[in-house]
Structures are given as structure tokens and as C-alpha cells.
Amino acid sequence: MVEHFYPEKDLGTPAVESATLVSLNIDGVEVTVPEGTSVMRAAALVDINIPKLCATDSLESFGSCRLCTVEIEGRRGFHASCTTPVAEGMVVRSQSQALARLRRNIMELYISDHPLDCLTCPANGDCELQDMAGAVGLREVRYGFAGENHLALGKDESNPYFTFDASKCILCSRCVRACGEVQGTFALTIQGRGFDSQVSTGKGTDFLGSDCVSCGACVQACPTATLTEKSVIAKGQPEHSVITTCAYCGVGCSFKAEMQGDQLVRMTPWKGGQANHGHSCVKGRFAFGYATHKDRLTTPMIRDHIDQPWREVNWDEAIGFAARRLKEVQARHGRHSVGGITSSRCTNEETYLVQKLVRAALGNNNTDTCARVCHSPTGYGLKMTLGESAGTQDFDSVLKADCILVIGANPTDAHPVFGSLLRKRLRQGARLIVADPRHIDLLDSPHTGAAIHLPIRPGTNVALVNALAHVIVTEGLEDHDFIAERCAQTEYQAWRDFILEPRHAPEAVADIIGVPARRIREAALLYGGAGNGAIYYGLGVTEHSQGSTTVMGIANLALATGNIGRPGVGVNPLRGQNNVQGSCDMGSFPHELPGYQPVTDAAVRGRFEAAWGATLDPEPGLRIPRMFDAAIEGSFKAMYVQGEDIAQSDPNTQHVEAALRSLELLIVQDIFLNETAKFAHVILPGASFLEKNGTFTNAERRINRVRKVMTPLAGKEDWEVTMDLANALGYPMHYDHPSEIMDEIAALTPSFTGVSYDKLERLGSIQWPCNAEHPEGMPVMHEEQFPIGRARMVVTEFMPTTEKVSERYPLLLTTGRILSHYNVGAQTRRTDNNVWHDEDVLEIHPHDAAARGIEDGQPVSIDSRTGRTVLRAQHSTRMQPGVVYTTFHFPHSGANVITTDNSDWATNCPEYKVTAVQVTAEAPQALSDWQQRFYDFTREQLAFARHGD
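Please read these numbers as outputs of a predicted model, since none were measured by experiment.

Remarks on the overall build of the protein chain
Next, step 1: Helix and strand content of the protein chain: 29 helices and 36 strands.
Next, step 2: The globule rule puts the C-alpha radius of gyration for 949 residues at 30 Å, and the 29 Å found for the protein chain is close to it.
Next, step 3: In terms of overall dimensions, the protein chain has C-alpha extents of about 90 × 70 × 65 Å along its principal axes.
Next, step 4: A total of 949 residues make up the protein chain; the buried ones form 63% of that total.
Next, step 5: Once local pairs closer than 6 in sequence are excluded, the contacts in the protein chain between residues at least 24 apart make up 72%.
Next, step 6: As displayed, the protein chain has an accessible area near 33,700 Å², and 50% of this comes from carbon and sulfur atoms.
Next, step 7: Between the averaged position of the 87 positive side-chain charges in the protein chain and that of its 113 negative side-chain charges there is a distance of 1 Å.

Next up, the structure:
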């Protein structure tokens with residue numbers, strides 16, 4: 001276990017990259033550092049700690065506090081070490097009587113306008129002002145508090161997670177700079193001049209009402225108790241910490257879980273985290289309360305039918321009941337009548353064991369994962385073109401991009417820490433193109449150049465990508481050398497002939513796409529002419545009937561322009577959940593074993609059969625949609641679901657519910673009684689990420705350790721539950737620790753051959769492939785060759801979706817996420833994140849609302865060919881007229897009641913993003929028929945659960 005009882009050392013100013021080294025002398029110590037390094041950082045690197053207050057190594061030097069002044073031989077006066085760069089032969093003194101007097105005088109001025117309540121201050125023991133007063137030897141304050149001061153300034157308690165106490169502010173500007181430099185929101189400023197200066201969130205606003213996104217960067221940067229977590233105020237300072245990995249989105253941020261015994265006090269982003277570099281978002285930083293929420297399932301429960309109360313039982317009885325019922329189902333209905341769904345929220349090791357249980361213990365390949373309904377087109381499309389089912393770059397690569405094309409993604413809401421990094425690059429001068437039906441916040445990034453927004457009509461991604469490629473080819477922007485060296489020529493020529501057809505010209509497809517031809521051309525010329533062009537895409541690409549086609553079209557664009565195989569370029573899927581990439585890597589799909597190895601390959605099967613001691617079915621199993629269909633048809637009878645809420649997250653909710661009701665046995669392993677668990681016969685309590693050991697793999701293929709910081713509330717980690725179930729089924733599994741599971745994964749999975757917990761402890765994280773050729777991983781893929789030799793460019797014919805608007809359904813509904821919530825909301829809804837978003841609403845353009853007599857805030861009925869639900873309307877100009885938008889974070893909203901069964905032609909990924917609907921005004925308190933049934937069923941199931949207490 002990696003534990004840190006003290007915070008990582010702050011070197012004062014950021015690192016500088018330079019091939020030129022400079023040597024200097026500080027207090028008699030010779031130091032050699034890159035040119036451009038500050039004197040302060042150079043000193044800190046050799047453990048000479050110069051006092052500081054305004055400086056911190058996550059921010060550019062500022063030079064306001066003057067506490068860090070030093071003497072430099074041959075130069076007059078005193079010099080701020082944070083803003084003074086090193087020079088060859090420089091001789092520096094950080095300690096002298098004159099410096100000591102100056103620093104004490106500076107500290108005396110600070111303390112003269114600061115409350116002397118250290119013993120009762122929540123930052124006592126973790127306050128840089130307190131530390132610096134001791135470091136400079138301050139023993140008295142001559143000025144007293146009789147004069148004008150700021151001690152009576154009030155507190156801003158509006159934010160649910162932290163407080164702002166202006167009386168303790170020393171105006172170091174670290175919070176303001178963190179908001180701008182790190183987060184990129186610029187929600188804070190210094191208001192007023194001289195003595196009247198104050199940190200401000202804007203005229204007449206508090207933190208909650210401001211542009212602040214509660215990322216915590218300001219709290220992290222504050223050297224005093226001015227900005228303090230309310231959890232620290234309530235519980236006191238933590239006494240030890242454990243480094244682990246966030247269990248929200250696919251960025252995979254590293255955090256220090258700071259503890260008092262087994263009580264979590266706060267989550268602090270770890271500077272050593274190679275995905276986040278010490279930054280965070282509101283979810284990972286503050287929304288961890290769900291882990292100990294009163295709704296947590298802590299006792300196994302069983303029942304024979306879903307119209308019966310639950311019976312609380314011990315683990316042995318629950319596992320035995322589940323295993324016996326699985327055997328009975330297979331005895332009656334055959335080996336293929338059962339299956340399992342792995343989790344993109346659980347660890348790699350846990351996911352691996354679930355698919356292993358299905359294949360080795362149940363004897364079939366009926367295993368699938370939530371990636372089926374989000375990023376399965378990524379796996380298919382990138383495998384077909386580049387030869388590997390994953391993104392090509394690390395996140396830091398974006399800092400070398402000259403043009404960034406974002407398609408169907410909203411990074412600042414869905415992947416906020418990466419969104420901040422992207423914004424940083426935009427401030428440095430990179431150009432931005434956004435192809436999205438909705439105006440996203442990234443387009444409003446402060447201090448960036450003009451962005452191109454292509455507000456495309458939902459369902460027309462392929463037409464757009466082909467039009468961009470048409471312009472690139474016709475304007476001579478192809479990278480012919482790259483194509484000749486790295487691409488299969490027959491496929492390239494077929495693609496080129498196809499893309500040159502006049503029907504792909506922007507003028508020919510502008511009406512289809514809904515964007516003027518000149519804007520499409522402008523975007524194509526910008527991307528095609530950039531030195532480094534990077535593409536980032538999300539669910540707005542994959543969750544379409546042509547999701548796989550669009551992914552291949554995106555790969556075509558990158559290949560045609562040579563934007564593959566170096567930093568600053570690439571094809572980069574922004575994975576939604578924390579371990580979507582890992583769940584795919586671990587063999588969750590019915591046609592692939594771990595490492596994307598086909599189950600139909602006899603040699604591959606032979607290796608797994610030898611290791612697992614079981615005969616494997618050579619035929620691919622059922623995908624999730626087919627499991628539902630087969631359940632309703634009567635041939636699929638039992639399902640083991642670990643950590644996924646398919647009743648809320650999958651499309652056409654009423655079809656899913658019918659399938660779940662048809663099952664003879666549903667085993668749900670989760671931390672809450674979610675929507676799927678309400679249909680279950682067995683509930684096996686899950687463990688949160690804070691209660692387990694393992695690994696997650698993020699969107700950049702980075703494998704990060706997950707470390708247990710507290711005992712599982714239900715007594716078991718998830719991998720232990722799966723292992724127990726396999727043993728009860730008669731298939732032996734035995735592991736003493738998840739590291740042993742990873743050793744097995746490495747032995748069977750070529751891209752993980754070199755991965756081990758020992759190496760992860762040494763390196764911090766690893767980006768697969770990690771093998772003999774790349775023993776420490778591969779941040780940027782395809783630098784010299786592709787796994788398939790030469791890349792294959794693919795003809796991408798645009799086939800309009802069959803889901804079309806009509807007189808009855810004249811609007812197109814598309815869906816997405818919001819910053820404060822995560823996926824189906826099971827975690828974030830049980831935190832104070834509800835303060836920002838306590839319901840799903842329907843965003844509708846004022847023109848469409850006026851035509852229907854819909855007032856802002858009025859309930860509206862949303863009808864589709866599949867179903868009906870009722871939401872509250874919110875007037876918004878983010879979409880063009882004719883397009884409406886909603887989120888799906890609250891189960892009673894029924895967003896997926898109205899989405900259809902349409903899916904991607906290659907992978908069955910649902911077409912969540914295109915649903916033809918009609919929207920009409922409703923009376924207050926109106927509910928759809930489904931919503932009324934939902935509430936009735938929920939009340940019944942909660943009563944059954946209480947009966948089991």
C-alpha cells in the first residue's frame with residue numbers, strides 16, 4: 001500500500017523543459033537545472049527551502065508576497081527567487097541577517113491583518129501562513145489590530161463543499177491564478193485596489209451563483225483557511241492518506257484519500273497522478289459521500305419472485321442460493337440460457353473474473369458490458385482501420401496540438417480535467433473546431449481564439465466527416481509521404497476514389513448536415529492545414545446507427561493528413577466511465593477473450609483452456625440487446641449483473657423491463673438498490689472503489705492502481721464475491737489478492753504481458769501495450785508501425801438513420817451529460833451535487849417552445865415512437881430550432897423510455913442520440929403512464945427491502 005503521511009513537497013514553481021542545463025551555487029551547494037528554472041525551484045531540488053506564500057509549483061510564478069527574496073552575488077538589492085531565473089555561475093544566498101529581518105517584517109504585516117485563532121482554525125496544522133511565521137522566526141506583532149483591518153469580513157458558505165472566509169485572506173492570488181491557469185474558468189478575480197482589494201466571484205454573486213465549477217483548484221491552492229473544505233471543518237485534519245484512483249469518468253484522476261482512521265476526510269488530487277497532475281473536478285474532489293451513504297447495501301438478500309419481500313441472509317446462504325438456482329436454470333433450459341454483464345465501474349481484475357466465470361463456470365460466451373451501449377463502435381472502428389481497439393495518445397499530447405477537432409463530445413462536462421488541459425492549449429494558441437448539435441461550454445473558453453462550431457443535425461456525422469475529407473483531398477492537403485509509407489495502397493485508392501465523388505462536397509451535403517458549406521470548408525482547411533491535428537470524440541459519435549462508420553471515417557481523416565504516431569495528433573475516444581477501456585480489455589465482449597483475442601480462434605482458446613482448466617465454447621455468445629430479446633422469447637433465463645444499471649442506462653426502457661421480468665433468476669451485485677436490482681432475485685452487496693484493491697484503465701490506456709482505504713461495508717470486495725460464486729458453481733477459483741489476478745491477466749493477454757503490481761508501484765501507472773518491446777508502456781501508439789502492418793482506410797458510405805422526423809414527430813431529441821452528475825446518477829445523486837442539478841430537464845429552443853405555447857419551466861410531454869415521458873422545459877439557445885436535448889441522470893425522468901431500439905450496424909450500440917419526438921405542454925404535476933408505474937413499482941420494492949431489514 002502506498003501511504004503518504006505528509007504532503008508531497010511543493011517546489012514553488014513549475015518545471016521547465018529545456019535541453020540546456022545551467023549550473024549555479026546556492027548556499028554553497030552546486031545545483032544543475034534546465035535553463036529557465038527559477039532560483040526557488042533550483043533551491044528546493046537540493047532541499048534548500050526558501051520561505052514562500054504566493055508561490056506554488058502548480059502555478060506560474062507571481063512574485064507578490066516577497067517572502068522568497070534572496071541575495072545574488074554581483075546584483076544589488078533583494079530578488080524574488082520565484083520570478084528570478086537561474087543563470088550560469090550564479091551565486092545565491094537564501095539566508096542572511098538582512099533577509100531574516102525583511103522576511104519577519106513581511107510576515108508581521110500579514111499577521112497584523114489576520115485572525116489569531118490558530119488553535120480553533122480548521123487549517124491548524126495545515127496552514128502555510130502558520131508554517132512561514134514559524135520559519136522566519138516571527139514572535140511578536142508590533143502593529144496590533146487597532147487600525148483599519150479586514151477581520152470583520154464575512155464568510156461565503158454558499159458552496160456545499162467549501163467555505164470562503166474573507167477575513168483570513170492574504171491576497172496571495174493563488175486561488176485566482178488556479179482558477180485561470182489550472183481550471184481555465186476564470187471565475188475569480190481581485191476586486192478593488194490597495195487596501196480595498198478582495199478576492200471576488202463577480203459583482204453581486206457568491207460562489208454558488210458564480211461561474212465557479214467547484215473543481216477545488218482554489219481550495220487546493222489556498223495557503224490559509226480562507227478556502228477550506230467543509231468536511232475538514234466538521235471532522236478535523238486527516239492523519240494519513242492513501243493514493244488511489246477516482247471511480248467517475250474515463251480521465252482516471254489520482255487522488256490522496258485523506259483519512260482519520262477509517263473515516264474519509266477529503267479527497268485531494270495527487271500531483272503525481274500522470275492523468276491529472278494534481279487537478280480534479282467537482283465529482284472526484286468532493287462527491288465521495290455516496291460511499292458511506294445510508295442507502296448502501298450491506299447485507300445479501302434473496303427471494304424467489306420479484307413480487308415478494310426480500311430475506312436478509314449471510315454471504316454463504318446468498319452465494320449458495322444463487323449458484324443452486326443457476327444450475328437449475330441450466331439443467332432445465334440448457335447451457336446457453338444464462339449469462340453475465342460485467343461492469344465498467346469495477347476494476348480490471350473484477351471484470352476479468354466475471355467473464356471468466358461465465359466462460360469457464362457457466363460454459364458459454366454470453367458475457368457483455370456497458371461498453372456495448374457506449375463505445376463498442378470505437379473498438380470495432382479502430383480495430384478495422386488502425387489495428388488496435390483504443391485511442392492513440394496520452395492526454396498530455398493535446399498540449400502539442402495546433403488544431404483540435406472535437407466531435408460529439410463535451411469535455412468540460414463529461415471529462416472536466418482533460419477539458420481544462422484542452423482549454424490550456426487553446427489559450428496557448430491552438431485552434432478549435434467543435435462538431436456538435438449543441439453549443440458546448442468549450443466554445444466559450446476565455447482568452448482563446450475564434451472557434452468554429454458546426455451545429456450538425458443529429459445523425460449526419462458520416463456525411464460531415466466525408467465532406468471534411470473531400471475538401472482535404474481536393475485541396476491537396478493529404479500527407480502523401482505518410483500514406484505511401486504507412487497505409488495499404490489498394491484500400492487507400494478505393495477510399496480516395498470514393499471520397500472524391502462530387503456527392504461528398506460540402507455544397508452537396510450542407511442541407512443534409514444543416515451547416516453552411518463555407519463553414520465545413522473552413523473547418524476542413526483548418527484541420528487539414530494544421531501542423532498537428534488532433535481529433536477527440538465521444539458518445540455523440542458512437543451512439544448512432546452509423547457509429548462504427550463514423551469512427552472509421554475519423555481514422556480516415558487522421559491517416560489522410562498524417563496525423564497519427566506522434567504527440568499532438570491522433571484519434572482519441574473520450575471514454576465515459578472510469579473503466580470502460582478496461583472492461584473491454586478484459587474480454588467482456590461475447591466474441592473476444594481478454595486482449596481482444598477472438599474466441600473462435602482455436603489456438604487462442606487453447607491457451608485459455610490450459611490456464612483455466614476448462615473447455616471453452618468456440619461460438620460467440622449473446623450481446624446485451626440479444627439477451628433481452630431472448631429473455632422475452634423465453635430462451636434466456638438467468639443473468640448475473642455486476643455493477644451496471646441496465647434498467648436505467650439501456651435504450652427502450654419498457655423493453656428492458658419486460659426482459660428483466662421474464663428472467664427466472666437475476667443476480668445483481670451493486671452498492672445500491674438501483675433500478676435493475678428492483679427486478680432481482682439475489683442481491684450481492686458491492687464494494688465502492690474506496691473499499692477495494694485493483695486497477696482501472698482510463699481513456700488513454702493508462703493502468704492505475706486502486707487501493708483500499710477502508711474496510712468493505714458488506715465485508716467483501718467484489719472480486720471475492722465472484723470468486724465465491726464460481727467455487728459454489730463447482731468451478732475452482734482461488735486468489736489471495738487482486739495482484740494474483742493481474743498476474744494471470746498478464747500471462748494470457750499480449751498487451752498486458754509486462755504489467756504487474758510491482759511495476760505499477762515503481763512507475764506510478766502504465767499505458768498498455770506493455771510487453772518486451774515496450775517494457776514501460778506506450779504513451780503514443782503507432783509511432784512507427786500499426787499492429788496490422790499498414791493502416792486500412794475504409795469506404796464510409798453515409799446511410800441516413802431510419803429514425804426520421806415526421807408531421808407527428810417533428811423534433812429530434814439528443815442526449816448527453818452534465819458536469820455535476822455521472823452516468824445514471826446512482827453515485828452523484830447521493831451527494832450535494834444535486835445543488836447544481838436536481839432534475840433532468842428538456843432544453844428546447846425558444847422558437848420551438850413558442851410554436852407550442854410552452855413556457856420556460858413548464859412540464860412538457862415528450863412522445864416518441866417508443867414511449868412517452870414528462871419533463872420540465874428549459875428554454876435554451878444551445879441547440880438549433882428543431883433539436884431538443886436532455887440528460888439521463890435521474891431514473892424517474894424516463895429519458896430511455898423514449899429512445900428507440902435502433903443501433904449501430906456493426907456493434908448494436910444504441911442510437912441514443914437521434915430520436916424523433918413531439919413536445920407538448922402539460923399541466924403541473926403531470927406524469928406519463930410509465931412514470932406512474934415507475935413510482936408505484938419503486939414504492940413496492942423499497943417496502944420489500946425495508947421488510948428485509
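Quick notes on the pairing of strand β26 (residues 665–670)
Next, step 1: Counting buried positions over the 6 residues of β26 gives 6, a clear majority of the element.
Next, step 2: On β26, burial covers both faces: L665, I667 and Q669 on one face and L666, V668 and D670 on the other are all buried.
Next, step 3: Relative to strand β27 (residues 682–685), β26 runs parallel, the two sharing 4 bridges. For D670, the partnering residue across the bridge sits in β27 and is P685.

Quick notes on helix α16 (residues 506–513)
Next, step 1: The complete set of buried residues in α16 reads P506, V509, A510 and I513. With its buried residues spanning 135° around the axis, α16 presents them on a single face.
Next, step 2: Those residues of α16 hidden inside the fold are in contact with α13 (461–474) and α17 (517–529).
Next, step 3: Residue G514 follows α16 closely and has a positive phi angle near 85°.

Things to note about the side chain of D156
Next, step 1: Position of D156 relative to the elements: it lies in strand β6 (residues 155–156).
Next, step 2: Of note is the side chain of D156, whose polar atom sits 2.7 Å from the side chain of S158.
Next, step 3: When sequence neighbours within four positions are dropped, the list of residues in contact with D156 reads F162, T163, F164, D206 and F207.

Quick word on empty space enclosed by the protein
Next, step 1: This structure, assessed with the given rule, holds 13 cavities of 30 Å³ or more.
Next, step 2: Each pocket or cavity is described by its volume, and for the largest cavity that value is around 400 Å³.
Next, step 3: Residue lining of the largest cavity: 31 residues in total, with G408, D436, G540, T815 and K913 positioned closest to the centre.
Next, step 4: Taken together, the elements giving at least two residues each to the lining of the largest cavity come down to α11 (411–414), α18 (539–542) and β31 (811–815).

Observations regarding the environment of F944
Next, step 1: The topology assignment puts F944 in helix α29 (residues 929–947).
Next, step 2: Considered as a pair, F944 and P309 are 635 residues apart in the sequence and their alpha carbons are 4.0 Å apart.
Next, step 3: When sequence neighbours within four positions are dropped, the list of residues in contact with F944 reads R303, I306, D307, Q308, P309 and W310.

Here we look at helix α24 (residues 653–662)
Next, step 1: Listing the buried residues of α24 in full gives T653, V656, E657, A659 and L660. In a view along the axis of α24, the buried residues occupy a sector of 160°, so they form one face of it.

Comments concerning the environment of D262
Next, step 1: Tracing the sequence through the fold places D262 in the loop between β12 (254–260) and β13 (263–269).
Next, step 2: For the pair D262 and V709, spaced 447 residues apart in sequence, the C-alpha to C-alpha distance is 7.2 Å.

Quick notes on the layout of surface pockets
Next, step 1: Approximately 880 Å³ is the volume found for the second largest pocket.
Next, step 2: Forming the walls of the second largest pocket are 36 residues, and the residues nearest its centre are D413, D441, I818, L819 and R878.
Next, step 3: Those elements that place two or more of their residues in the lining of the second largest pocket are α11, α12 (416–427), β32 (841–844) and β34 (868–875).
Next, step 4: For the lining of the second largest pocket, the leading source of residues is α12, giving 4 residues.

A short note on unusual backbone geometry
Next, step 1: With omega at 5°, the peptide bond leading from W768 into P769 counts as cis.
Next, step 2: Secondary-structure assignment places P769 in the loop between β30 (765–767) and β31.
Next, step 3: If you check the backbone angles, N652 has positive phi at about 55° while not being a glycine.
Next, step 4: Note that N652 resides in the loop between α23 (646–649) and α24.
Next, step 5: The phi torsion at N823 lies on the positive side, around 50°, for a residue other than glycine.

Let's talk about the sheet that holds strand β3 (residues 69–72)
Next, step 1: One open sheet accounts for 5 strands, arranged β2-β1-β5-β3-β4; its pairing is mixed. Both edges of this open sheet fall to β2 (29–34) and β4 (79–80), since each of them pairs with a single strand only.
Next, step 2: By the bridge criterion, 6 bridges tie strand β1 (residues 21–26) to β2 in an arrangement that is antiparallel. Within β2, the residue paired with I26 across the bridge is V29.
Next, step 3: Across the sheet, helix α2 (residues 97–111) touches β3 and β5 (91–93), and the angle it forms with β3 is around 160°.

A look at the side chain of T224
Next, step 1: Of note, T224 is situated in the loop between α5 (217–221) and β10 (227–229).
Next, step 2: Taking relative accessible area as the criterion, T224 reaches 5% and is therefore assigned buried.
Next, step 3: Looking at T224, its side chain comes within polar contact range of the main-chain oxygen of K168, at 3.2 Å.
Next, step 4: Within the structure, T224 has its side chain in polar contact with the side chain of T226 (distance 2.6 Å).
Next, step 5: In this structure, T224 is in contact with H114, A123, C127, L129, K168 and I170, ignoring residues within four places of it in sequence.

Here's the deal with the sheet that holds strand β11 (residues 240–245)
Next, step 1: Strand order in the open sheet made by the 3 strands is β11-β12-β13, with antiparallel pairing throughout. Both edges of this open sheet fall to β11 and β13, since each of them pairs with a single strand only. Shown here is a sheet whose adjacent strand axes are inclined to one another by a mean of 30°, direction ignored.
Next, step 2: Bridge count between β11 and β12: 6 bridges; the pairing is antiparallel. Of the residues in β12, the one forming a bridge with I243 is K256.

Definitions and limits used
Residues numbered from 1 in each chain as written. Predicted model: local features only at pLDDT ≥ 70, side-chain atom pairs only at ≥ 80, totals over all residues. Heavy atoms only, no water. Helix = DSSP H or I, 4+ residues; strand = E, 2+ residues; numbered from the N terminus. Rg over C-alpha atoms; globule rule 2.2 N^0.38 Å. Buried < 20%, exposed > 50% of the residue type's maximum accessible area, 1.4 Å probe, protein only. Contact = heavy atoms within 4.5 Å. Areas by Shrake-Rupley, 256 points an atom, 1.4 Å probe, with all protein chains shown as cover. Lys, Arg positive; Asp, Glu negative; His and termini not counted. Charge placed at Lys NZ, Arg CZ, Asp CG, Glu CD. Pairing = 2+ DSSP bridges. Arc of directions from axis to C-beta. Polar contact = N/O pair within 3.5 Å; in protein donor to acceptor, adjacent residues only side chain to side chain. 1 Å grid on protein atoms, 1.4 Å probe; cavity = no way out; pocket = protein on both sides within 12 Å on 5 of 7 lines; lining within 4 Å. Points joined across faces, edges and corners; volume = space filled by probe spheres on them. Axes fitted to C-alpha atoms, helices over the stretch in contact; angles between N-to-C directions.

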